[in-house]
Amino acid sequence: MLQQTQVKTVIPYFKKFTKKYKTLESLSKINESQILKLWEGLGYYRRARNLLASTKLLVKKYNSKLPNTFTEIKKLPGVGDYTANALLGFIYNEPTLAIDGNVKRVFSRYLNKGELKINFEKLILDNKKNLFNTNRNSDFIEALMEFGALICKPKDPKCSQCCLNKSCRYLKSPNKIKTNKRKKIKIMNYNIFCYVNKKKQIALTKENEISFLKNFNLPLMKKMKNNSVNDDWRFLKNYKNSISNLNLNINLYYKFSSKIPKSYTWYSLNNNKEFMPSFTKKIFYQVSTLF
Ligand code: SF4
């Protein structure tokens, strides 16, 4: 849940989630739409799908126990190097580091060397004895992440309070490296076409080929080109929607129709029971103003 998401946003979701599903077995019995409903509003829904798929695999193949090797853990859906290392360290106290953005910045500042110039794997391997010189590897992983988040922060690091300030090259150097990477925002323009009917329903399909909204039920979406739109469609509204590093500029069109193409299904605009990503909810909200 914490991938790309702030702790304060995650806390209520985490509480709700762990209250409802207390064991791997209970979680493994639910289906995708149930987990997505619990995840609704948190975004990056691939995480929920992968979590469910991993849970099912752990119960079925691994007797509900997390494997204890890097290779085996990485076979779980959605688990890459970072998560595999974090799990090995947190759960099995293995001498390993989960290299996230915070940890990279700490090393990079300490050495006053750009992140791209550091081979983190080699750095850890070369300094294994110094890094893992206690039996508290699990605490060390967590401590390093927290250190990056609270002391060696992205902006205004708290160098005067830092336990490394005597040897930190960044602090001493007159040529400090730059560490504040700005997220590149991409602007994209889309036309969205909504079939609606008198029963306050909207037709959605999974057949859109929009990579960042894959597998979601949506109205027809097309990249704006010269924006010549067939007269059948009536313009409803222009609005903006941000998803991750994308800023979407949307022109929303609608058409009242009782007939819809084969791959579409009608959904009530008042539907609150089924999972809907915020992106779709915003479309529902705009289309509801027609009634
Ligand atoms: S002295 Fe400052 S820059 Fe260096 S590691 Fe500590 S907080 Fe980061």
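Trainee: Explain the environment of glutamate 25 to me, and be specific about the residues and the numbers.
Mentor: Checked against the element boundaries, glutamate 25 lands in helix H2 (residues 24-28). Here glutamate 25 falls in the partly exposed class, since its relative accessible area comes to 33%. Sequence spacing of glutamate 25 and asparagine 93 is 68 residues, and the spatial spacing of their C-alpha atoms is 24 Å. Setting aside residues no more than four positions away along its own chain, glutamate 25 makes contact with Val59 and Ser64.

Trainee: Break down the packing of aromatic side chains for me, citing the residues and quoting the values.
Mentor: Taken as a whole and judged by the stated rule, the model has 14 aromatic pairs. Between tyrosine 45 and phenylalanine 275, the ring centres sit 4.8 Å apart and the planes meet at 65°, which makes this aromatic pair edge-to-face. Of this pair, tyrosine 45 sits in the loop between helix H3 (32-39) and helix H4 (46-61) while phenylalanine 275 sits in the loop between strand S6 (265-268) and helix H12 (278-288); the two residues are 230 residues apart in sequence, bridging distant segments of the chain. Per residue, the accessibility class of tyrosine 45 equals that of phenylalanine 275, and both read buried. In textbook terms, an aromatic cluster arises when at least three aromatic residues are bridged by ring pairs, as seen for Phe193, Tyr195, Trp233, Phe235, Tyr253 and Tyr264. Geometry around tyrosine 170 places lysine 176 over its ring, the cationic atom sitting 5.3 Å from the centre.

Trainee: Please give an account of the site of the ligand that cites residues and values.
Mentor: The ligand sits among Arg109, Cys152, Pro157, Cys159, Cys162, Asn165, Cys168 and Tyr170. Residues that form the shell around the ligand fall into these classes: six nonpolar, one polar and one charged.

Trainee: If you had to explain a positive patch on the surface to someone new, which residues and values would you point to?
Mentor: A surface patch of positive charge is lined by Lys186, Lys222, Lys223 and Lys225. Among the secondary structure elements, lysine 186 is positioned in strand S1 (residues 186-197).

About the thresholds
All residue numbers refer to positions counted from 1 along the written sequence of the respective chain. Residue-level local features of this predicted model are given only where pLDDT is at least 70; pairs of side-chain atoms are given and counted only at 80 or more, and the full residue set underlies all totals for whole chains, interfaces and linings. Computation of side-chain values covers all heavy atoms of the structure but excludes hydrogens and water. The numbering of helices and of strands both runs from the N terminus, where a helix is a DSSP run of H or I of at least 4 residues and a strand a run of E of at least 2. Exposure categories follow from relative accessible area, calculated using a 1.4 Å probe and restricted to protein chains: below 20% of the type maximum is buried, above 50% is exposed, and the middle band is partly exposed. Contacts between residues were defined by any pair of non-hydrogen atoms, one from each residue, lying within 4.5 Å. Here is the rule: rings of Phe, Tyr and Trp (six-membered ring for Trp) pair when centre to centre is within 6.5 Å. Planes less than 30 degrees apart are stacked, more than 60 are edge-to-face, and the remainder are tilted. A ring is scored as having a charge over it whenever the NZ atom of a lysine or the CZ atom of an arginine sits within 6 Å of its centre and within 35 degrees of its normal. In this text, near means that some heavy atom of the residue lies within 4 Å of the molecule or strand in question. Residue classes follow a fixed rule: Ala, Val, Leu, Ile, Met, Phe, Trp, Tyr, Cys and Pro count as nonpolar, while Asp, Glu, Lys and Arg count as charged, and any other residue, Gly among them, counts as polar. Patch membership is restricted to residues that have no salt bridge and whose relative accessible area is over 30%. Joining uses 9 Å for like charges and 5 Å for the nonpolar side chains Val, Leu, Ile, Met, Phe, Trp and Tyr. Method for areas: the Shrake-Rupley scheme with a 1.4 Å probe, in which residue coverage is limited to the protein chains shown. Salt bridge, as used here: a side-chain nitrogen of Lys or Arg that lies within 4 Å of a carboxyl oxygen of Asp or Glu. This count recognises Lys and Arg as positive and Asp and Glu as negative, with His and chain-terminal groups excluded. Charge positions come from single atoms, namely NZ of Lys, CZ of Arg, CG of Asp or CD of Glu.

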